[in-house]
Structures are given as C-alpha cells and as structure tokens.
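Chain residues, written in single-letter form:
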Amino acid sequence: MPDLPTLHLPIADCDLCSIGNSTIAAVLHSSLREMMTDSLGLAHAFWRETLIQASIYREWVENLGARQALGRLAHLLCELTTRMEFVGLADNGSFRIPLTQQDVADARGLSIVHVNRTIQELRGLGLIEWENQTVTLLRPQELQAVAEFSPEYLHELSPSERSKLSNVFGTSPPGVI
C-alpha cells in the first residue's frame, strides 16, 4: 500500500509513480476500514507498515541533510540491495535496477553530473559494478561503512514474525519493500 495515512487523512501529500510495468488495484477506504474492524491482525499489519514507512522517511531525511554525495548514493544502493534481498530479488549482492541516473539524482537531491561522478568514484574504489541496469555490491561491508548504513530501520520480519503473520493471513508475507 503506497499511502496508508490516507485512510485517516483526507489528502495524499505525495505523488506515486512507477519506473516499470505495474498493476494497480484500487480498494475503497470504507472496505479497508471494515476489514480492519473485523481483523485485528490486519489492523496491526497496516499499523506496522505505516511505522516502517515513517522510519524510512526519517532515514531519507537524514540522508539528504547529513551525508555528502558519496554517502547518499552508497546508502541508496545499500537500501535497495537490502530491500531486494528481503523479497528474493537480489542474488549475492547483485540486482536489477531500472533507474536512470536522472532518477537517482532526483531521489538523492543531486545533479545528474554529480551522480555520474559519484558512481564513477564508487566504481573506482572497487565497491560496486553498475552495468546495463544491474548493480553488484563488490565489497558490501565497505560500502555500508561509506554509507553509514544499518538495515534496522527497514524492520525486516524475522522468521518467527513471518510465521505469526502467516497464521493470521494464511500465507507467508514476502517481506518489506
């Protein structure tokens, strides 16, 4: 769900766009509220998701305000890798990233020229490979140190938490992305 706060706030305060093919389903807020009334587990899952999104927003604000370009870009790559690993889309630190350098620049508050130079610097340091929309973290611990990255703010579900949710929903959730 891209914007759970709109269940309780009248206006969405952000935009949402897709960088690839997407399937979108609309669910009436009244239906969601009814389901949450009937299922305490669903209400808790939505509340948890809202808290995780708030945690991610705080990390992104810190990233924009406190890190130089190298750390900002390294942090983004570490976060994306971690999120892809959560859902099984990263293989040994390598994943597909359908973002242009302009997309990355917009996400990090940098110019496209600065992003290009920073990618070259990360390559030159032997920390990443980025070819044909595939990123590979060559030395992930060193990249995490450059980024001051710790994945705790993403709040990955532990195996026991996944088991609890599968009991509530009848299926195992894939993780958080």
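These notes cover the structure that comes with them.

Cut-offs used in this document
- Residues numbered from 1 in each chain as written.
- Predicted model: local features only at pLDDT ≥ 70, side-chain atom pairs only at ≥ 80, totals over all residues.
- Heavy atoms only, no water.
- Helix = DSSP H or I, 4+ residues; strand = E, 2+ residues; numbered from the N terminus.
- Contact = heavy atoms within 4.5 Å.
- Expected span 1.5 Å × (residues − 1).
- Buried < 20%, exposed > 50% of the residue type's maximum accessible area, 1.4 Å probe, protein only.
- Salt bridge = Lys/Arg side-chain N within 4 Å of Asp/Glu carboxyl O.
- Axes fitted to C-alpha atoms, helices over the stretch in contact; angles between N-to-C directions.
- Parallel < 35°, antiparallel > 145°, perpendicular 65-115°, else oblique.
- Nonpolar A, V, L, I, M, F, W, Y, C, P; charged D, E, K, R; others polar.

## Remarks on the environment of Ala54
Move 1: The residue Ala54 is located in helix 2 (residues 40-66) in this model.
Move 2: Considered as a pair, Ala54 and Tyr153 are 99 residues apart in the sequence and their alpha carbons are 9.4 Å apart.

## Quick notes on the environment of Ala90
Move 1: Mapped onto the secondary structure, Ala90 falls in the loop between helix 3 (69-86) and strand 1 (94-96).
Move 2: Look past the residues within four positions of Ala90 in its chain and what remains in contact with it is Thr81, Met84, Glu85 and Phe95.

## Some thoughts on helix 3
Move 1: Compared with an ideal rise of 1.5 Å per residue, which puts 18 residues at 26 Å, helix 3 spans 26 Å between its outermost C-alpha atoms and is within 8% of the ideal.
Move 2: In terms of burial, helix 3 is largely enclosed, as 16 of its 18 residues are buried.
Move 3: Gly88 lies just past helix 3 and shows a positive phi near 75°.

## Things to note about the pattern of salt bridges
Move 1: Evaluated as defined, the whole model comprises five salt bridges.
Move 2: The partner of Glu59 in a salt bridge is Arg67, with the nearest N and O atoms 3.5 Å apart.
Move 3: With its nearest N and O atoms 2.8 Å apart, the salt bridge here joins Glu79 to Arg83. Of this pair, Glu79 and Arg83 both sit in helix 3, separated by four residues, roughly a single helical turn.
Move 4: Within the structure, one salt-bridge network assembled from shared partners comprises Glu59, Glu62 and Arg67.

## Section: the side chain of Asn63
Move 1: Topologically, Asn63 is positioned in helix 2.
Move 2: The exposure class of Asn63 is buried, given its relative accessible area of 0%.
Move 3: Discounting chain neighbours no more than four positions away, the residues touching Asn63 are Gly71, Arg72, His75 and Arg108.

## So, the packing of helix 4 (residues 101-108) against helix 5 (residues 112-124)
Move 1: Helix 5 packs onto helix 4 with a crossing angle of 105° between their chain directions and a minimal axis gap of 8 Å. It follows from the interaxial angle that helix 4 and helix 5 lie roughly perpendicular. Contact residues: Gln101, Gln102, Val104 and Ala105 in helix 4; Ile112, Val115, Asn116 and Ile119 in helix 5.
Move 2: The residue makeup of the contact of helix 4 with helix 5, split by class, is five nonpolar, three polar and no charged.

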